[in-house]
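# Notes for the structure review
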Amino acid sequence: MPRPNDAPAPRGGLPASWKALAIRHYHERAVRYEERVSRGLLASLRWREREAVLRLADLASPARRTVVDVGCGGGFFARAAKRAGMWVHAVDAAAGMVELVRPDVDLAEVADLETFDPPRRYDLVICCGALEFVASPGEAVARLCRLCAPGGRLVLQVPRESAGGRCYRLQKRFEGLRTVLYRRDALVAEVAAHGLAPAGEAFPLPYNMVVAFDAPGC
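This write-up is about the structure you can find in this document. (Residues numbered from 1 in each chain as written. Predicted model: local features only at pLDDT ≥ 70, side-chain atom pairs only at ≥ 80, totals over all residues. Heavy atoms only, no water.)

### Side note on the sheet that holds strand E6 (residues 197–202)
Pairing in this open sheet of seven strands is mixed, and the strands run E3-E2-E1-E4-E5-E7-E6 from one edge to the other. Looking at which strands have only one partner, the edges of the open sheet turn out to be strand E3 (107–110) and E6. Adjacent strand axes in the sheet meet at a mean angle of 15 degrees when their direction is disregarded. Pairing of E6 with strand E7 (residues 208–214), which is carried by five bridges, proceeds in the antiparallel orientation. Bridge pairing in E7 places Gly200 opposite Ala212. (Pairing = 2+ DSSP bridges. Helix = DSSP H or I, 4+ residues; strand = E, 2+ residues; numbered from the N terminus. Axes fitted to C-alpha atoms, helices over the stretch in contact; angles between N-to-C directions.)

What follows is the structure in structure tokens.
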């Protein structure tokens, strides 16, 4: 496999070749992805992350009728939203992941977060584990903000700039991947610039954070 080049990426993101490598990496591992993250110590760590996301997403709220799960991966949050009675749109850049979740949601499609622009907006936007592999973090965050309907909620899970985050980045390097780390204050400011207000946060593991934002109402 050719080594990705290290050409500069905009605003601290990944070069396009490294982003493409991440997409291919997850596509090739899609079939056994949920099985792998649901065993042993990894399962315990993953559940702490998922619990934080579910709490901030508040799927039981009557305000949550439609959801888009951007970077749906194995489909955990998409399926949870469907069980909660929501209309669910699942999106991932890795085609293998999309095929796994397709039978369980209302709409599933292969799409790149940085160009995804559907014709509708959603009461809930979830993005977990995708922002660390983008070429332009600013563009990706802007698109996620635009997906929120008036009064909607955006929930992001990202690796954070910390000692734990740097260890996480090193671990991903051993897997042949590069990742983007985020500072909490910078992320909040980026989202606030698009009119969304912080609505809660959690730090489930030393290397990551989950932050929720609410869009203004009509």
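### A look at the packing of helix H6 (residues 137–146) against helix H8 (residues 184–192)
Running from amino to carboxyl end, H6 crosses H8 at an angle of 50 degrees, the nearest separation of the two axes being 9 Å. Of the possible angle classes, the one that applies to H6 and H8 is oblique. Once H6 is placed against H8, the crossing between them reads as right-handed. Side by side, H6 and H8 meet where Gly138, Val141 and Cys145 of the first sit next to Leu187, Glu190 and Val191 of the second. Considering only residue class, the contact of H6 with H8 consists of four nonpolar, one polar and one charged. (Parallel < 35°, antiparallel > 145°, perpendicular 65-115°, else oblique. Left-handed = near helix turned anticlockwise from the far one by under 90°. Contact = heavy atoms within 4.5 Å. Nonpolar A, V, L, I, M, F, W, Y, C, P; charged D, E, K, R; others polar.)

### Digging into the layout of surface pockets
Estimated volume of the largest pocket: approximately 860 Å³. Along its surface, the largest pocket is lined by 45 residues, and Tyr26, Tyr33, Cys128, Gly129 and Phe133 are the ones closest to its centre. When contributions to the lining of the largest pocket are tallied by element, the ones reaching two or more residues are helix H1 (16–28), helix H2 (33–37), helix H3 (40–57), helix H4 (76–83), strand E2 (87–92), strand E5 (148–159) and helix H7 (163–174). No other element matches H3, which puts five residues into the lining of the largest pocket. (1 Å grid on protein atoms, 1.4 Å probe; cavity = no way out; pocket = protein on both sides within 12 Å on 5 of 7 lines; lining within 4 Å. Points joined across faces, edges and corners; volume = space filled by probe spheres on them.)

### Topic: the packing of aromatic side chains
Here the structure, examined in full by the defined rule, presents four aromatic pairs. Note on Phe76 and Phe77: the rings are 5.1 Å apart at their centroids and 85 degrees apart in plane angle, and the pair reads as edge-to-face. Assigned by exposure class, Phe76 and Phe77 land together as buried. Seen from their ring centres, Tyr168 and Tyr207 are 4.7 Å apart, and the 10 degrees between their planes marks the pair as stacked. Linking Tyr168 in helix H7 with Tyr207 in the loop between E6 and E7, this pair joins segments that are 39 residues apart in sequence. One aromatic cluster is present, built from ring pairs that chain together Trp47, Phe76 and Phe77. One cation-aromatic arrangement involves Arg50 over Phe76; the distance from NZ or CZ to the ring centre is 4.1 Å. The lysine or arginine in question, Arg120, covers the ring of Trp87, its NZ or CZ lying 4.3 Å from the ring centre. (Phe/Tyr/Trp six-rings, centres within 6.5 Å; stacked < 30°, edge-to-face > 60°. Buried < 20%, exposed > 50% of the residue type's maximum accessible area, 1.4 Å probe, protein only. Lys NZ or Arg CZ within 6 Å of the ring centre and 35° of its normal.)

### Some remarks on H6
Burial of H6 is extensive: eight of the 10 residues sit out of reach of the surface. Taken as a whole, H6 has its buried residues at Pro137, Gly138, Ala140, Val141, Ala142, Arg143, Leu144 and Cys145. Each element contacted by the buried residues of H6 is listed here: strand E1 (66–70), strand E4 (122–128), E5 and H8.

Geometry only, nothing functional implied.
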